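Architecture and fold: a report
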Amino acid sequence: MLNDQARNDAFERAIAKAACGRRLVLDIGTGSGLLAVMAARAGAERVVACEANTPLAQVAARIIARNGYADRITVVPKRSTQLAVGQDLPQPADLLISEILDAGLLGEDVIRSFRHACAALITADAAIIPAGATVYGVLIECPELRRVNPIKEVSGFDLGEFDIFRNPVAHAQVSLAHEPHRVLSEVFEIARFDFRHLPNEAPARPLTIPATADGTAQAVAFWFDLRLDDATTLSTAPGGDSKHWRQALTFFDRDRPVRQGETLPLTVGHTDSHFFFGWSDA
């Protein structure tokens, strides 16, 4: 992640514009402390950086001190949902920065964390980085990975019992450029998020997706365009900017043979932590 220069540069461009003159910046999930020191270098008066993993928080504090910002950045070894204004933050923050995103966007608790921060930890007019995201997907045939999603026979042996260790709602992280697959549809929009105004969990909604090739629809590959601010976007699409995030892959509960030109009845929804897909005529 730290070696993803496109990611680092995109966050720094947005933070450099937003942080100068801010009274208090809240950095959720600081990790190495990188975004916190970016904000301090850009001119923020104070930064509170929270990190739930205590060893990470300790290392982040040492990194911040080594780079000369210990007088302006405080590391709090807590989850952001455990923070309180007047205790961990001297006042509501006027800038929120964070990178708690996985390849499927939602898996590191960004929705619950940002929803709580907007309600309890930041001012009504605070800037938020990233500001939002749009998620896109495509139907694919992916036979090699399908062999173990779910786990059935391996090398002539029935290993189906081992499937109890596979999370059926979790996505895999793959690089489509290096994974044998066949694209069966055009790219379609799955969801759009404004991180200031986050939705509740979205029930399944119907989509009709035209098939662009013959094959067997086995999975949805999806990715996101991350809007840092009005001028800066970072894409995790195949061939996109980011080298840290790849694409997410979720398998259907059953394969569907498709023909080019056929209209496929898909359902799409999300919880606070993951997306889910199905066939509406199942």
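For the structure, check the block above.
Presented here is an overview of the structure given in this document. Just so it is clear, the model here is predicted, and its values are computed rather than measured.

The subject of this paragraph is unusual backbone geometry. Here Ile129 and Pro130 are connected by a cis peptide whose omega angle stands at 5°. Here Pro130 lies in the loop between strand 5 (122-129) and strand 6 (132-141). With an omega dihedral of 5°, the bond running from Asn149 to Pro150 counts as a cis peptide bond. Counting through the fold element by element, Pro150 comes out in the loop between helix 5 (143-146) and strand 7 (153-154).

Here we come to the environment of Thr81. Examined against the element boundaries, Thr81 turns out to sit in the loop between strand 3 (73-76) and strand 4 (93-98). Given a relative accessible area of 40%, Thr81 falls into the partly exposed group. For the pair Thr81 and Thr271, spaced 190 residues apart in the sequence, the C-alpha separation amounts to 18 Å. Apart from the residues lying within four places of it in its own chain, the contact partners of Thr81 are Arg112 and His116.

Let us look at the pattern of salt bridges. If you walk through the whole model with that rule in mind, you get 15 salt bridges. Across the pair Arg112 and Asp272 runs a salt bridge, and its minimum N-O distance is 3.8 Å. On the criterion of sequence distance, the pair formed by Arg112 in helix 4 (residues 110-120) and Asp272 in the loop between strand 16 (263-270) and strand 17 (275-279) is long-range, its members being 160 residues apart. Asp272 sits in the buried class, given a relative accessible area of 7%. Across the pair Asp281 and Arg254 runs a salt bridge, and its minimum N-O distance is 3.7 Å.

Rules behind the numbers
Residues numbered from 1 in each chain as written. Predicted model: local features only at pLDDT ≥ 70, side-chain atom pairs only at ≥ 80, totals over all residues. Heavy atoms only, no water. Helix = DSSP H or I, 4+ residues; strand = E, 2+ residues; numbered from the N terminus. Buried < 20%, exposed > 50% of the residue type's maximum accessible area, 1.4 Å probe, protein only. Contact = heavy atoms within 4.5 Å. Salt bridge = Lys/Arg side-chain N within 4 Å of Asp/Glu carboxyl O.

The values reported here are purely geometric and, on their own, carry no functional implication.
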